[in-house]
Amino acid sequence: VTLPEWSHAFAPGELSPTSPLPLPEPAQEWGWSAATGRGVKVAILDSGVDGSHPMVGGLAGSVAFEPDPDDPSAYRAIEGEHADLVGHGTACAGIIRALAPDAEIFSVRVLGANLKGRGGLFLAGIRWALDHDMDILNMSLSSSSEQWFGPLHEVADEAYFRGVLMVCAANNMPGPTYPSQFASVLSVAAREGSDPWSLAYNPRPPVEFGARGIDVEVAWNGGKTIVASGNSFATPHVAGMCALIRSKRPWLTPFQVKSVLQAIADNAAPSSDGGA
Amino acid sequence: MNRMTTPSPAMIALVTELGDALGAAAMPAETTAELARVTAQTRALFSAAACSCALMDESGSELRFVAADGVGADAIVGVTLPLDRGLAGWVAMSGQPMSVSDVAADTRFARDIAEATEYVPTSIIAAPLATDDGEVLGVIEVLDPLLGEGNSGRDLQILGIIASQTASIVRLSTLYDGLGARLLAAFTANVTPEGVREAIGSSGLTHGDDGLAELAVAFHDLARSGPEASRFAASLLTQVAGYVRPGR
């Protein structure tokens, strides 16, 4: 049994400095200063989003995917407003809104009343997001079964080549998790601290980024807030940062955005190759 | 009359091999007893008010609490909740562990448990029982754990490991529980050796069980070799199926 990557890698004593590309300092200034997320479409693949929650402040669109044994594709898409079944999607939306206030947030509900065909719904949600020109996908979910490795890998690659950023929660348990372990996505784990802008780059992937995810006050169903922890809350922090970067410099490709995040990370150290 | 041929040395060797292969089937204690131990130990580990474990039902739409320890344990066991309700459901759906430190702020979380146990926790840690290949079999929850100074996420990590181990227990128990029936179906079906291999593969015995698959094919061949050998194989497998499914 391999130990979980996430809590280990981002612990204060564990995190080693990394050598990012030399962006103009301070890197945040270059990356997202004065950006608001305007013009960036962010899809939240989760349990739905309550757009009326004060911390969410409205949605640009919604679609729900449900299993449908009668349909050849085994699911159906229901466009239009829907409820958040749990509160988690609303929590993610609230975090993204706090970081990127002008981002256009879409709810893509892929978690529902049945666990069967879960991987298929994830895939359908990602497909929808690609077909609707989303810039960023927030996926606080993972751990699909092996049969979905291929299809999810394919669509993750497609997203990457189309310049779409898939930001996925790492799983903190042993074993494969899709799509968070794919190199084409940004995988995120929780780290301690109360700073929503805190960010670390893990030089020992597959989990590449650490962000705030412990004891976060988040939006929840019923217009309320709760204090919660998990990689799934760290993920929208990084998605929010990506929205800022993309709104300031829309031409950045996924690998360039990763490079900007690496340069902004708390453990970024001056380049060791002496080439500055 | 159900007359059998005298088993040849080769058949006896085969039976012995089958016994060895399935011997482990009798080993895992009943799942619920095993899970009761897991919940008791986990509750103690976290100095928590309670710990409970729920498994997905066959349809994939409900979680059923099968084991619990601590406050309200007797009341919560047997309770089912729809997947789209509350924290446990989200954890199962997303495959992600999660903790909430002030549940009271939203009683929706605790309502399912509170209805059954009349106990409303203020904090919950929950993790999915996910197998190595990502299948979510259920959820384990810890109510009001005594957390250390400063939440570092370590508790979530520890519960994640426990959940992963627990998933292995559940998977193995389920697997062995249905093993006899699956083998019987495979052997008696009028299929090719490839078909038998496929049936064994679909039973989940895919990793490191090549010997068992070969054994299945051998039995299949035996069953095809003549009416008496076929009866013998069927009779033997019926007995084995009965043996690995005690209490049925």
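Residues numbered from 1 in each chain as written. Chains lettered and ligands numbered in written order. Predicted model: local features only at pLDDT ≥ 70, side-chain atom pairs only at ≥ 80, totals over all residues. Heavy atoms only, no water.

K.L.:
Would you explain the overall build of chain B in this entry?
P.N.:
Scanning chain B for helices and strands turns up nine helices and six strands. Residues classed as buried in chain B amount to 48% of the 248 residues present. The contacts in chain B between residues at least 6 apart in sequence include a share of 58% that link residues at least 24 apart. Total accessible area computed for chain B in this model is approximately 11,100 Å², and 54% of it derives from carbon and sulfur atoms. (Helix = DSSP H or I, 4+ residues; strand = E, 2+ residues; numbered from the N terminus. Buried < 20%, exposed > 50% of the residue type's maximum accessible area, 1.4 Å probe, protein only. Contact = heavy atoms within 4.5 Å. Areas by Shrake-Rupley, 256 points an atom, 1.4 Å probe, with all protein chains shown as cover.)

K.L.:
It is not clear to me how the sheet that holds strand E5 (residues 124-130) of chain B should be interpreted in this structure. Could you clarify?
P.N.:
Hydrogen bonds between backbone groups are what pair the strands of a sheet, and the pairing can be parallel or antiparallel. Reading across the sheet, the eight strands line up as E10(A)-E11(A)-E4(B)-E5(B)-E6(B)-E1(B)-E2(B)-E3(B) and stay open at both edges, with antiparallel pairing between neighbours. Of all strands in the sheet, those with a lone pairing partner are strand E10 (216-220) of chain A together with strand E3 (80-82) of chain B, marking the two edges. The sheet shows a mean angle of 30° between the axes of neighbouring strands, direction not considered. Pairing of E5 of chain B with strand E6 (residues 136-143) of chain B involves seven bridges; the strand directions are antiparallel. Bridging from a neighbouring strand, Ala130 of chain B pairs with Val136 of chain B of E6 of chain B. Across the sheet, helix H2 (residues 31-45) of chain B lies against strand E1 (50-56), strand E2 (62-70) and E6 of chain B, angled at about 55° from E2 of chain B, the strand it touches most. (Pairing = 2+ DSSP bridges. Axes fitted to C-alpha atoms, helices over the stretch in contact; angles between N-to-C directions.)

K.L.:
So what exactly am I meant to see when it comes to the packing of aromatic side chains here?
P.N.:
Describing an aromatic ring pair means giving the distance of the ring centres and the angle of the ring planes. Residue and element names in this part refer to chain A. This structure, assessed with the given rule, holds eight aromatic pairs over all chains. Ring centres 5.8 Å apart and planes at 15° place the aromatic pair Tyr178 and Phe182 in the stacked group. Classification of Tyr178 by relative accessible area gives buried; the value is 4%. Among the aromatic residues, those joined into a cluster by ring pairs are Phe149, Tyr178 and Phe182. Residue placement shows Arg249 over the ring face of Trp30; its charged tip is 3.7 Å from the ring centre. (Phe/Tyr/Trp six-rings, centres within 6.5 Å; stacked < 30°, edge-to-face > 60°. Lys NZ or Arg CZ within 6 Å of the ring centre and 35° of its normal.)

K.L.:
Whenever I open this one, the side chain of Thr235 of chain A confuses me. Can you help?
P.N.:
On the secondary structure map, Thr235 of chain A appears in helix H6 (residues 231-248). Not counting residues within four places of it along the chain, the set of residues in contact with Thr235 of chain A comprises Asn138, Met139, Ser140, Val167, Cys168, Ala169 and Val188 of chain A.

K.L.:
Looking at this structure, I do not really get the interface of chain B and chain A. What am I missing?
P.N.:
Counting residues at the interface gives 39 residues for chain B and 48 residues for chain A. Interface area for chain B against chain A, summed over the two sides, is near 3,500 Å², with a carbon-plus-sulfur share of 55%. For the chain B face of the interface with chain A, the top three residues by lost area are Trp90, Met93 and Gln96 of chain B, together amounting to 18%. Where chain B meets chain A, there are zero salt bridges. Counting every contact that joins chain B to chain A gives five residue pairs in polar contact (both at pLDDT 80 or more). Of all elements in the fold, only helix H4 (86-94), strand E4 (98-100), helix H5 (108-117), E5 and helix H6 (154-188) of chain B reach the threshold of two or more residues within the side of chain B that touches chain A. When residues in the side of chain B that touches chain A are grouped by element, the largest group, six residues, is from H6 of chain B. The residue inventory of the side of chain B that touches chain A, partitioned by class, reads 15 nonpolar, 17 polar and seven charged. The sheet contact formed by strand E11 (residues 224-229) of chain A and E4 of chain B spans two bridges and is antiparallel. (Buried area = accessible area lost by both parts, 1.4 Å probe. Salt bridge = Lys/Arg side-chain N within 4 Å of Asp/Glu carboxyl O. Polar contact = N/O pair within 3.5 Å; in protein donor to acceptor, adjacent residues only side chain to side chain. Nonpolar A, V, L, I, M, F, W, Y, C, P; charged D, E, K, R; others polar.)

K.L.:
What should I look at first to understand the packing of H6 of chain A against helix H7 (residues 254-264) of chain A in this one?
P.N.:
A pair of packed helices is captured by two measures, namely the crossing angle of their axes and the spacing between those axes. Residue and element names in this part refer to chain A. H7 packs onto H6 with a crossing angle of 110° between their chain directions and a minimal axis gap of 11 Å. Our classification of the angle between H6 and H7 gives roughly perpendicular. For the pair H6 and H7, contact is made by Val238, Met241, Cys242, Ile245 and Arg246 and by Pro254, Val257, Val260 and Leu261, respectively. (Parallel < 35°, antiparallel > 145°, perpendicular 65-115°, else oblique.)

K.L.:
What's the story with the pairing of E5 of chain B in this structure? I'm lost.
P.N.:
Side-chain positions along a regular strand alternate between the two faces of the sheet. Residue and element names in this part refer to chain B. Burial runs high along E5: seven of the seven residues are buried. Of the strand pairs in this sheet, E4 and E5 are connected by three bridges, and their pairing is antiparallel. Of the residues in E5, the one forming a bridge with Val100 is Ile124. Joining the antiparallel neighbours E5 and E6 is a turn of five residues, in which Gly134 adopts a positive phi near 90°.

K.L.:
Would you mind going over the nonpolar core with me for this structure?
P.N.:
One recurring pattern in soluble globular proteins: nonpolar side chains tend to sit buried together. The biggest cluster of nonpolar side chains holds 69 residues, and the ones touching the most others in it are Val110, Ile126, Met166, Val218 and Phe233 of chain A. Ranked by residues supplied to this core, first place goes to helix H4 (residues 118-131) of chain A with eight residues. Setting aside residues no more than four positions away along its own chain, Phe233 of chain A makes contact with His88, Ala91, Ile95, Arg212, Gly213, Val216, Val218, Trp220 and Ala228 of chain A together with Met98 of chain B. (Core = buried A, V, L, I, M, F, W, Y, C linked by side-chain atoms within 4.5 Å.)

K.L.:
Teacher, can you tell me more about the sheet that holds strand E1 (residues 41-46) of chain A here?
P.N.:
Residue and element names in this part refer to chain A. Read across the open sheet, the nine strands follow the order E3-E2-E4-E1-E5-E6-E7-E9-E8; overall the sheet is mixed. Strand pairing shows two members of the sheet lacking a second neighbour, strand E3 (75-79) and strand E8 (199-201), which therefore form its edges. For this sheet, the mean angle separating the axes of adjacent strands, direction not counted, is 25°. The pairing of strand E7 (residues 186-191) with strand E9 (residues 209-212) spans four bridges and is classified as parallel. Bridging from a neighbouring strand, Ala190 pairs with Ala211 of E9. Packing against the sheet, H4 makes contact with E1, strand E2 (61-67), E3, strand E4 (104-109), strand E5 (136-139) and strand E6 (165-169), and its axis sits at approximately 150° to E2.

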